[in-house]
Protein chains: 2
Amino acid sequence: MRLTRAGEYGIRCVLHLARHGRGTLVSRKEIAARTDVPAHFLAKIAQQLARAGIIEIMQGANGGYRLLADPSEISLLSVIEAVIGEISLNDCVTRPGSCHNSATCAIHRVWGKANRELRDTLRGTNFAAMAAEESCCLTSFPETGAGRRDDSDEARP
Amino acid sequence: MRLTRAGEYGIRCVLHLARHGRGTLVSRKEIAARTDVPAHFLAKIAQQLARAGIIEIMQGANGGYRLLADPSEISLLSVIEAVIGEISLNDCVTRPGSCHNSATCAIHRVWGKANRELRDTLRGTNFAAMAAEESCCLTSFPETGAGRRDDSDEARP
DNA sequence: CGATATAAGACTAAAAATATCTTATATATC
DNA sequence: GATATATAAGATATTTTTAGTCTTATATCG
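1. Some remarks on the overall build of chain A
Turning to step 1, where the next piece is worked out: Tallying secondary structure elements over chain A gives seven helices and two strands in all.
Turning to step 2, where the next piece is worked out: Looking at chain A as a whole, 48% of its 157 residues are labelled buried.
Turning to step 3, where the next piece is worked out: Sequence-distant contacts, at least 24 apart, represent 68% of the contacts inside chain A between residues at least 6 apart.
Turning to step 4, where the next piece is worked out: Carbon and sulfur atoms provide 47% of the accessible area of chain A, an area that totals close to 7600 Å².

2. Section: the packing of aromatic side chains
All names here are of chain A.
Turning to step 1, where the next piece is worked out: Taken as a whole and assessed by the stated rule, the structure comprises two aromatic pairs over all chains.
Turning to step 2, where the next piece is worked out: Ring geometry for Tyr-9 and Phe-41: centres 5.6 Å apart, planes at 85°, overall edge-to-face. Of this pair, Tyr-9 sits in helix H1 (residues 5–20) while Phe-41 sits in helix H3 (residues 39–51); the two residues are 32 residues apart in sequence, bridging distant segments of the chain.
Turning to step 3, where the next piece is worked out: On the basis of relative accessible area, Phe-41 is assigned to the partly exposed category, the value being 30%.

3. A look at unusual backbone geometry
Residues and elements named next belong to chain B.
Turning to step 1, where the next piece is worked out: Even without being glycine, Asp-36 reaches a positive phi, approximately 60°.
Turning to step 2, where the next piece is worked out: In this fold, Asp-36 is placed in the loop between helix H2 (28–35) and helix H3 (39–51).
Turning to step 3, where the next piece is worked out: At Asn-62, a residue that is not glycine, the phi angle is positive and equals roughly 60°.
Turning to step 4, where the next piece is worked out: Mapped onto the elements of the fold, Asn-62 is located in the loop between strand E1 (55–58) and strand E2 (64–67).

4. Focus on the side chain of Asn90(A)
Turning to step 1, where the next piece is worked out: The residue Asn90(A) is located in the loop between helix H4 (76–84) and helix H5 (91–94) in this model.
Turning to step 2, where the next piece is worked out: Aside from chain neighbours lying at most four places away, what touches Asn90(A) is Trp111(A), Arg2(B), Leu3(B) and Glu8(B).

5. Describing the confidence of the model for chain A
Turning to step 1, where the next piece is worked out: Of all residues in chain A, 76% attain a pLDDT of 70 or more, and the chain-wide mean is 83.
Turning to step 2, where the next piece is worked out: Contacts for the low-pLDDT stretch residues 139–152 of chain A, under 50 throughout, to residues beyond four places or in other chains number 19 contacts.

6. A closer look at the nonpolar core
Turning to step 1, where the next piece is worked out: Ranked by internal contacts, the top residues of the largest apolar core, which has 86 residues, are Leu49(A), Phe127(A), Leu49(B) and Phe127(B).
Turning to step 2, where the next piece is worked out: Leaving out residues up to four positions away in the same chain, Leu49(A) has contacts with Gly10(A), Cys13(A), Val14(A), Ile54(A), Ile55(A), Val79(A), Ala82(A) and Val83(A).

7. Brief notes about the pairing of E2(B)
Residue and element names in this part refer to chain B.
Turning to step 1, where the next piece is worked out: As paired elements, E1 and E2 share four bridges and run antiparallel to each other. Bridge pairing in E2 places Glu-56 opposite Arg-66.
Turning to step 2, where the next piece is worked out: As consecutive antiparallel partners, E1 and E2 are separated by five residues, and within that stretch Gly-60 has a phi angle of approximately 80°, a positive value.

8. Focus: the pattern of salt bridges
Residues and elements named next belong to chain A.
Turning to step 1, where the next piece is worked out: Evaluation of the coordinates by the stated rule reveals eight salt bridges over all chains.
Turning to step 2, where the next piece is worked out: Of the charged contacts, one joins Asp-120 and Arg-123 as a salt bridge, the two residues approaching to 2.7 Å between their closest N and O atoms. Of the two residues, Asp-120 and Arg-123 both sit in helix H6 (residues 106–123), three residues apart, roughly one turn of that helix.
Turning to step 3, where the next piece is worked out: The class for Asp-120 is partly exposed, based on a relative accessible area of 42%.
Turning to step 4, where the next piece is worked out: Taking the relative accessible area as the measure of exposure, Arg-123 reaches 43% and is therefore partly exposed.

9. Some points on the packing of helix H2 (residues 28–35) of chain A against H3(A)
In helix packing, the relevant descriptors are the interaxial angle and the interaxial distance, both defined with respect to the helix axes.
All names here are of chain A.
Turning to step 1, where the next piece is worked out: Remark: H2 packs on H3, axes separated minimally by 9 Å, with the N-to-C direction vectors making an angle of 110°. Taken as axis vectors, H2 and H3 run roughly perpendicular relative to one another. As H2 runs across H3, the sense of the crossing is right-handed. Across from Arg-28, Ile-31 and Ala-32 in H2, the residues of H3 making contact are Ala-39, Leu-42 and Ala-43.
Turning to step 2, where the next piece is worked out: Counted by class, the contact of H2 with H3 contains five nonpolar, no polar and one charged residues.

What counts and what doesn't
One numbering rule holds for all chains: residues counted from 1, following each sequence as written. Here every chain gets a letter starting at A, and every ligand a number starting at 1, in the order they are written. Confidence filtering applies because this is a predicted model: local features only for residues at pLDDT of at least 70, side-chain atom pairs given and counted only at 80 or more, and all residues used for totals across whole chains, interfaces and linings. To obtain the side-chain values, all non-hydrogen atoms of the structure were included, while hydrogens and water were left out. For the purposes of this entry, the term helix denotes a DSSP run of H or I that reaches at least four residues, the term strand denotes a run of E that reaches at least two, and both are numbered from the N terminus. Here's how the labels work: a residue is buried when its accessible area is under 20% of the maximum for its type, exposed when over 50%, partly exposed in between, all with a 1.4 Å probe on protein chains only. Whether two residues are in contact is decided by their heavy atoms: any pair within 4.5 Å suffices. Shrake-Rupley sampling with a 1.4 Å probe provides the accessible areas, and residues are treated as covered by the protein chains on show and by no other component. For Phe, Tyr and Trp, rings pair up if their centres lie within 6.5 Å, where Trp contributes its six-membered ring, and each pair is then called stacked (planes under 30 degrees apart), edge-to-face (over 60) or tilted (otherwise). Each residue carries a pLDDT score, the predictor's own confidence in it, on a scale running from 0 to 100. By convention a nonpolar core is built from buried Ala, Val, Leu, Ile, Met, Phe, Trp, Tyr and Cys residues, the set being connected through side-chain atoms within 4.5 Å. Whether two strands pair depends on DSSP finding at least two bridges between them. For this analysis, a salt bridge means a side-chain nitrogen from Lys or Arg found within 4 Å of a carboxyl oxygen belonging to Asp or Glu. For every element, the axis is a line fit to its C-alpha atoms; helices are fit only across the contacting stretch, and the angle between N-to-C directions ranges from 0 to 180 degrees. Under this scheme an angle from 65 to 115 degrees is roughly perpendicular, one under 35 degrees roughly parallel, and one over 145 degrees roughly antiparallel; angles in between are oblique. With the far helix as reference, a near helix turned anticlockwise by less than a right angle produces a left-handed crossing, and one turned clockwise produces a right-handed crossing. Under the grouping applied here, Gly and all other residues not named as nonpolar or charged are polar, the nonpolar ones being Ala, Val, Leu, Ile, Met, Phe, Trp, Tyr, Cys and Pro and the charged ones Asp, Glu, Lys and Arg.

Listed below in structure tokens is the structure:
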């Protein structure tokens, strides 16, 4: 019952883009280095964000990722669920049929409520608000030290 | 981000005991059969419930498990956390130090809030209430068909 | 065309969840 | 006390999920 690494990485990615503002193209390499996410792993996560319509991916030289919507219109929930699928605290909640009779089940009702509350809270948070504040899970925007890792794709001669 | 099977089993076990009422001794075998939980797995889960002070385990012939408190005083939260540990939607929430500066982190704050709400909801539900209602995740108390599996420990000759 | 990006999916490794098995211990009953 | 019946406790195994990497292909700029 915890956020997966992939979900966390997705948040970092969008937060980094949010700090650049909507529409600004940022290379995968830069995002990976600044947010401390393995570049190849980021590629997979970005594809999911793109499918969900949150970012746009530009291929080719000088390619990268950009936000499609204004940070204020992107909720924490949408980013998380784009990466890890719909939040479900208990299978019983999202997959009726995994139980005999979820309509009348007391346990089911509690989990349903908890699940709804959780999603509402995450839906109520947008990336403009988060970008404005500090964040511990992300190296700050105009960092000097830059990434300590070189996670580029290419092998240099 | 979902309840583990072990947590679910723990709930079923306590719910079954709650339907018998506080103090009534029920054999592991019966609980396992009625709640459709593997008997050996149930043993491990019961040990955790016992350590948390929720049930008492009686060894020996005619042994079994019994509730130590009244069902109305046992919260869903206490049972779940006895089995799967403290609920943490994000490592960042329960393990300060996994981030640089969680005190001022925007992401952290949201997860903290969501985590608190979730725990409050689960804390607000007790087993007397649930035992009174129907439940899909558990074969009903005076079931006729009984368990379809024989999960006893002993090999018969 | 060639250099530089990302795409996409196969593949591998590590971790966690889910059991199961084995040996030991406790208790009631005969 | 001996025996049958329970659970205790921990080692081991299996399965699933998560996490990360590698390889080949494709797109774009200059």
